[in-house]
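Tertiary structure, described
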Amino acid sequence: AGNGQVDYIQASILFALLIILVFRVGNQLISKLSDSCMGVHNSAFSNYLERIFMEKALWADLQFFDSPEFYNKFQNARMNSQAAVSVIWNIINAASAAVTLVTTFLLISGANVFFGFILIAAVIPSTIAERKYTKLLYHWDLKHVKEQRQMSYLSRVASEREHAQDIRLFHIGDDLKARYIRI
């Protein structure tokens, strides 16, 4: 009887390991599929928005192109469009996290209700901190769009082939780098 019990325990452990393996492989496949779908969606949506920006720029009056404020607003619109691209995936991820939280709460509460409430209490501070950090980062980006645009321009001028000869001819590479650092 003792040998049969050992065989049962080994079979149970092997079955549990097999289930864990199947769940891990399934989780990896779903994760890869999700990443692939997100990449395709983000690319298609970004291309669509970029076509809109191109159309608006092509039809804009030429005086707008002389205005730094126009470029700042244009850059803000581009940044906001990138945020719009991720909104759908953030909603899906939030729904997934909510389902996981509720399921985990129910499972843990089945053993002990107190532990379920500890789980909820542990999640709240990180959620509040992430929301606050995201909001601060967004406002910082909006406030510093002019500097970001200037840095991007200097970096582009310093690193693209079409300007390389002039930069070397007039020895302005160090000046470009110093301007970039000052910003």
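Topic: the packing of helix H2 (residues 68-111) against helix H4 (residues 145-159)
Between H2 and H4, whose axes approach to 9 Å, the crossing angle comes to 95°. Relative to H4, H2 is oriented roughly perpendicular. Judged by residue contacts, Pro-68, Tyr-71, Asn-72, Gln-75, Asn-76 and Met-79 of H2 engage Val-145, Lys-146, Gln-148 and Arg-149 from H4. When its residues are assigned to classes, the contact of H2 with H4 shows 4 nonpolar, 4 polar and 2 charged.

Focus on the nonpolar core
Leu-49, Phe-53, Ala-57, Phe-70, Phe-74 and Val-85 together form the largest nonpolar core, which totals 6 residues. Among the elements of the structure, helix H1 (2-59) and H2 are those that each provide at least two residues to this core. For Phe-70, the contacting residues outside a window of four places in its chain are Phe-64 and Phe-65.

Examining the pattern of salt bridges
Using the criterion set out here, one finds 1 salt bridge in the structure. Of the charged contacts, one joins Arg-78 and Glu-50 as a salt bridge, the two residues approaching to 2.4 Å between their closest N and O atoms. One end of the pair, Arg-78, is in helix H2; the other, Glu-50, is in helix H1, with 28 residues separating them in the sequence. What makes Arg-78 partly exposed here is its relative accessible area of 27%.

Section: the confidence of the model for the protein chain
Mean pLDDT over the protein chain stands at 85; residues scoring 70 or higher make up 99%. Averaged pLDDT values for the elements of the protein chain fall to 83 in H2 and rise to 91 in helix H6 (residues 173-182).

Considerations on a nonpolar patch on the surface
Taken together, the side chains of Tyr-8, Ile-9, Ile-13, Leu-17 and Ile-20 make up a nonpolar region of the molecular surface, amounting to roughly 530 Å² of accessible area. Among the structural elements, Ile-9 can be located in helix H1. Residue Ile-9 is classed as partly exposed on the basis of its relative accessible area of 44%.

Some details on helix H3 (residues 113-143)
Between its first and last C-alpha, H3 extends 46 Å over 31 residues, near the 45 Å set by a 1.5 Å rise per residue. One side-chain oxygen of the residue at the start of H3 lies 3.0 Å from the amide nitrogen of Phe-114, identifying that residue as Asn-112.

Observations concerning the environment of Lys-177
Tracing the backbone shows Lys-177 in helix H6. When the C-alpha atoms of Lys-177 and Lys-32 are compared, they prove to be 41 Å apart, with 145 residues separating the residues in sequence.

Examining the packing of H2 against H3
Two elements in contact, H2 and H3, have axes separated by 11 Å at closest approach and are oriented at 175°. What the angle tells us is that H2 and H3 run roughly antiparallel. Across the interface between the two elements, Asn-76, Met-79, Asn-80, Leu-101, Thr-104, Phe-105, Ile-108 and Ser-109 of H2 pack against Val-113, Phe-115, Gly-116, Phe-117, Leu-119, Ile-120, Val-123, Tyr-138, Asp-141 and Leu-142 of H3. Looking at side-chain class alone, the contact of H2 with H3 contains 12 nonpolar, 5 polar and 1 charged residues.

The rules behind the values
Residues numbered from 1 in each chain as written. Predicted model: local features only at pLDDT ≥ 70, side-chain atom pairs only at ≥ 80, totals over all residues. Heavy atoms only, no water. Axes fitted to C-alpha atoms, helices over the stretch in contact; angles between N-to-C directions. Helix = DSSP H or I, 4+ residues; strand = E, 2+ residues; numbered from the N terminus. Parallel < 35°, antiparallel > 145°, perpendicular 65-115°, else oblique. Contact = heavy atoms within 4.5 Å. Nonpolar A, V, L, I, M, F, W, Y, C, P; charged D, E, K, R; others polar. Core = buried A, V, L, I, M, F, W, Y, C linked by side-chain atoms within 4.5 Å. Buried < 20%, exposed > 50% of the residue type's maximum accessible area, 1.4 Å probe, protein only. Salt bridge = Lys/Arg side-chain N within 4 Å of Asp/Glu carboxyl O. pLDDT = per-residue confidence, 0-100. Patch = residues over 30% accessible without salt bridge, like charges linked within 9 Å, V, L, I, M, F, W, Y side chains within 5 Å. Areas by Shrake-Rupley, 256 points an atom, 1.4 Å probe, with all protein chains shown as cover. Expected span 1.5 Å × (residues − 1). Polar contact = N/O pair within 3.5 Å; in protein donor to acceptor, adjacent residues only side chain to side chain.

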